[in-house]
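What the coordinates show
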Amino acid sequence: MKRQKICVLGATGSIGVNTLDVIARHPERYEVFALSAHSRVDVFALQCLRWKPRLAVMTDAAAARVLRERLAGTGTEVLDGESALAEIASHPQVDAVMAAIVGAAGLAPCLAAARAGKRLLLANKEALVVGGALFMRAVKEGGATLLPIDSEHSAIFQCLPEDRATWAARIDHIVLTASGGPFRGRDPASLRDVTPDEACAHPNWVMGRKISVDSATMMNKALEVIEARWLFDLAPEQIRVVIHPQSIIHSMVVYRDRSVVAQLGTPDMRVPIAYGLAWPERIESGAEALDFTRLAALTFEPADAVRYPGLLLAWEALRGPAGSTAVLNAANEVAVAAFLAGTIRFDQIHSCNAHTIEQTPLGAGPADSLVGLLALDAEARAVAQQHVRTLA
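Please read all numbers here as calculations on a predicted model, not as lab measurements. (Residues numbered from 1 in each chain as written. Predicted model: local features only at pLDDT ≥ 70, side-chain atom pairs only at ≥ 80, totals over all residues. Heavy atoms only, no water.)

Here the focus is the overall build of the protein chain. Counting secondary structure elements, the protein chain contains 17 helices and twelve strands. For the protein chain, the C-alpha radius of gyration of 20 Å lies close to 21 Å, the compact-globule estimate for 392 residues. The buried share of the protein chain, reckoned over its 392 residues, is 56%. Long-range pairs, those at least 24 residues apart, make up 68% of the contacts in the protein chain with a sequence separation of at least 6. Roughly 16,200 Å² of accessible area belongs to the protein chain as shown, and the carbon and sulfur atoms make up 53% of that amount. Side chains of the protein chain give 38 positive and 42 negative charges; the mean places of these two sets differ by 3 Å. (Helix = DSSP H or I, 4+ residues; strand = E, 2+ residues; numbered from the N terminus. Rg over C-alpha atoms; globule rule 2.2 N^0.38 Å. Buried < 20%, exposed > 50% of the residue type's maximum accessible area, 1.4 Å probe, protein only. Contact = heavy atoms within 4.5 Å. Areas by Shrake-Rupley, 256 points an atom, 1.4 Å probe, with all protein chains shown as cover. Lys, Arg positive; Asp, Glu negative; His and termini not counted. Charge placed at Lys NZ, Arg CZ, Asp CG, Glu CD.)

So, about the sheet that holds strand S10 (residues 249–255). The strand order S11-S10-S8-S9-S12 describes an open sheet built from five strands, whose pairing is mixed. Among the strands making up the open sheet, the edge pair consists of strand S11 (260–264) and strand S12 (301–302). Where strand S8 (residues 171–178) and strand S9 (residues 239–243) come together, five bridges link them in parallel fashion. Across the sheet, the residue bridging to Ile174 is Ile239, located in S9. Sheet contacts for helix H12 (residues 219–231): S8 and S9; angle to S8, the most-contacted strand, approximately 155 degrees. (Pairing = 2+ DSSP bridges. Axes fitted to C-alpha atoms, helices over the stretch in contact; angles between N-to-C directions.)

As for its placement among the helices and strands, Thr76 is situated in the loop between helix H3 (61–70) and strand S4 (77–80). If near-sequence neighbours (up to four positions away) are discounted, Thr76 is found in contact with Lys52, Pro53, Arg54, Leu55, Ala56 and Leu71.

Enumeration over the complete set of coordinates arrives at one cavity of 30 Å³ or more. Within this model, the largest cavity holds a volume of roughly 70 Å³. Around the largest cavity sit eleven residues that line it, and Ser151, His250, Gln263, Val271 and Pro272 are the ones nearest its centre. Tallying contributions element by element places helix H8 (residues 151–159) first for the lining of the largest cavity, with three residues. Broken down by class, the residue content of the lining of the largest cavity amounts to three nonpolar, seven polar and one charged. (1 Å grid on protein atoms, 1.4 Å probe; cavity = no way out; pocket = protein on both sides within 12 Å on 5 of 7 lines; lining within 4 Å. Points joined across faces, edges and corners; volume = space filled by probe spheres on them. Nonpolar A, V, L, I, M, F, W, Y, C, P; charged D, E, K, R; others polar.)

This is how it looks when you write it as structure tokens:
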């Protein structure tokens, strides 16, 4: 078997680390060709020494200089800057790209991989939230294979027939499950006092701080609703969300005959990663098997709009003018960063997001090009940052 050459964008994050764990279990199938990170030199240097990639990218130039010194003589070439991400994502020798960079910064390399026809394992939901039609057009025109890695979207993908042409005729709607985060049972009036450490203490998943906060506000689910619209070509009203605290059922497809097909498993990101790497085959992921004899009750609740007001912004943005979803994503990145820095309160994240959507002007075609989308992203961030200063 010819080993696949893998590029991991965002290698030091939780998805990147789990991807390397799965790859380590199958050395006969995969080899690491390229890795990227932003600024965590110590962690990234150890990864490069372990995996000996041909190329390593650090987007922070100062960090890249340190990395070059540490990797001198190892055979790994160190590149730096945002443009280098697109370079390794579209490299002719790369077979598959794990896109695990958090935020809008991942859009450009995802587009590069799509246009180069790569097998693209998409863990960067912002590529679709920001890019939408532009990104899906790049996938189609480049002949790329797009495989979702978010546990919910991977679950939906696994529940659908392989013949995509039959989806529209068969699907009534899909149901994305959400754990409810760490504050599911907490009085909404007390959320103003939430600390960053409390918001990052997810009950089921081990994730980075930004996505953990998004889970606590349910903005991660709002972004997943937008992502699902593009991945599965659904109308906004065909996407629903339900609280499932145990995180055993990862999502469901409801067919027109009212049959429901669900994907179940332990809450371990190595499962969708392994599925994406090996699709359409199945390989060992390293995750613990689900033991039904020890399984507690599976429960479901409606998503509370009072506790999770940000969730409703997903459908509002999808029905809004072109570029609305990009504005929502930019606002949320600014708001979460401000909360983690102690600048605004937890309950003010939604205020910042809603304000930015209302106040950012949208033109007729900002979503038609990467340049236009990035300009809109920058404008929305400026509006959000001004609102953060007001709140602070």
